[in-house]
Amino acid sequence: MLVTAYLSFVGLLASCLGLELSRCRAKPPGRACSNPSFLQFQLDFYQVYFLALAADWLQAPYLYKLYQHYHFLEGQIAILYVCGLASTVLFGLVASSLVDWLGRKKSCVLFSLTYSLCCLTKLSQDYFVLLVGRALGGLSTALLVSAFEAWYIHEHVERHDFPAEWIPATFARAAFWNHVLAVVAGVAAEVVASWMGLGPVAPFVVAIPLLALAGTLALRNWGENYDRQRAFSRTCAGGLRCLLSDRRVLLLGTIQALFESVIFIFVFLWTPVLDPHGAPLGIVFSSFMAASLLGSSLYRTATSKRYHLQPMHLLSLAVLIVVFSLFMLTFSTNPGQESPVESFIAFLLIELACGLYFPSMSFLRRKVIPETEQAGVLNWFRVPLHLLACLGLLVLHDSDRKTGTRNMFSICSAIMVMALLAVVGLFTVVRHDAELRVPSPTGEPYAPEL
């Protein structure tokens, strides 16, 4: 398992690099933005945002291992994960209103404080303290998702008056480097936890100075901005009306809830499946992120001028890959006949599918959901998503550990088959909808070159 993990990591990195180089050669030369004010503004944003993302990713490989190191039972660990998911959905519902009321800059600084406290709780072996840490982690995740992007968009348009067409280029670059940071964070976590022998708590300690630096840079370099608040009840009511009045939105929400709830369960299960077989957790996590980066690169290649595939096709492919991978896992985790290498391959396929799924879903949401109703609709999407994930984790350990894990993968397979049926339904509804197609690359408006 050790050799397989390292070879897979190297192979996936080489594939990503090769695909990106081929895309760069095939891409016609474009005009890079040379506006020094815009480039400095981007740099000020990226410095803070990338530090926050790096601190977040550092904690992922060893979270389950840390709880296991503290000798908690798997059922207790599942409750900790459920607490984190529940706090994420609870704070996610009010995060936009909180950010608008408090101020985007203050919210980003608050993120650095709450996430630092969350990391500090990992030094304790007290179960209640760890539960509080998971709640703080849920708040921090909600702020990370909402505050940083809101701050950037407001500053870009309102304060600096840069063209709105430049915004997607900034976030496309951020998405690419987010994957790269995740790969590097996995290796860094492996170095401090395993190679240096500091134990599974080490990545959480290392994340604290990154968070402190992110908060300091935001305080020093960022201006404050606010927005007029829309009543939470009106936001949710508008989102619900949009959800029920447009079948495309309802189907998209169904696909998102089913697909992403399975991904949350996968995040919980991969460590107990692979760790008993000597897998280097940091390198395994980096391999997962490299597979996701490869999927994202394949998405960009597939939707390019040369191939011109549509996001709806790639969404269908992503769901099919996950269905196949989960069927693999029901056999590779069979008690007494475990095959960790097959499980690892299935996990890599799931991450590859995620790399295809998230940009496809993002494109379709932008086209289908009106901009004014996106916050409300996404709130309604998140509720069933997290409920399904929480229910899955709570029922996981009703039986023997290994049997429960295999049964959970079987249940996830059934959930993904339902997601596939929803994809077929959506494809039937939108197959003649030109709005949901990637526009021809010719005649695109000028934007900063990536």
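Residues numbered from 1 in each chain as written. Predicted model: local features only at pLDDT ≥ 70, side-chain atom pairs only at ≥ 80, totals over all residues. Heavy atoms only, no water.

### Quick look at a nonpolar patch on the surface
Nonpolar side chains collect at one region of the surface, where I79, L391, L394, V395 and I411 lie side by side and expose about 410 Å² of accessible area between them. In terms of residues, the nonpolar patch owes the most to one element, helix α14 (residues 374-395), which gives three residues. Tracing the chain through its elements places I79 in helix α4 (residues 74-102). (Patch = residues over 30% accessible without salt bridge, like charges linked within 9 Å, V, L, I, M, F, W, Y side chains within 5 Å. Areas by Shrake-Rupley, 256 points an atom, 1.4 Å probe, with all protein chains shown as cover. Salt bridge = Lys/Arg side-chain N within 4 Å of Asp/Glu carboxyl O. Helix = DSSP H or I, 4+ residues; strand = E, 2+ residues; numbered from the N terminus.)

### A word on the packing of helix α10 (residues 247-274) against helix α11 (residues 281-302)
α11 packs onto α10 with a crossing angle of 135 degrees between their chain directions and a minimal axis gap of 11 Å. Taken together, the axes of α10 and α11 are oblique relative to one another. In this structure, the crossing between α10 and α11 has a hand that is right-handed. Contact residues: F266, W270, T271 and L274 in α10; L281, V284, F285 and F288 in α11. For the contact of α10 with α11, the residue count by class is seven nonpolar, one polar and no charged. (Axes fitted to C-alpha atoms, helices over the stretch in contact; angles between N-to-C directions. Parallel < 35°, antiparallel > 145°, perpendicular 65-115°, else oblique. Left-handed = near helix turned anticlockwise from the far one by under 90°. Contact = heavy atoms within 4.5 Å. Nonpolar A, V, L, I, M, F, W, Y, C, P; charged D, E, K, R; others polar.)

### Observations regarding the confidence of the model for the chain
Overall, the predicted model of the chain reaches an average pLDDT of 85, with 88% of residues at or above 70. Overall, residues 442-450 carries pLDDT values under 50, and its contacts beyond four positions in sequence, including any with other chains, amount to 24 contacts. (pLDDT = per-residue confidence, 0-100.)

### A closer look at the pattern of salt bridges
This model, assessed by the stated rule, comprises four salt bridges. The closest approach of N and O atoms between R159 and E155, which form a salt bridge, is 3.5 Å. One end of the pair, R159, and the other, E155, are both in helix α6 (residues 127-159), four residues apart, so they sit about a helical turn from each other.

### Considering the packing of helix α5 (residues 104-121) against helix α8 (residues 202-221)
Contact geometry of α5 with α8 gives a least axis separation of 9 Å together with a crossing angle of 165 degrees. Comparing their axes, α8 and α5 come out roughly antiparallel. As α5 runs across α8, the sense of the crossing is left-handed. Residues K105, V109, F111, S112, Y115, S116, C119 and L120 of α5 pack against F204, A207, I208, L211, G215, A218 and L219 of α8. Counted by class, the contact of α5 with α8 contains 11 nonpolar, three polar and one charged residues.

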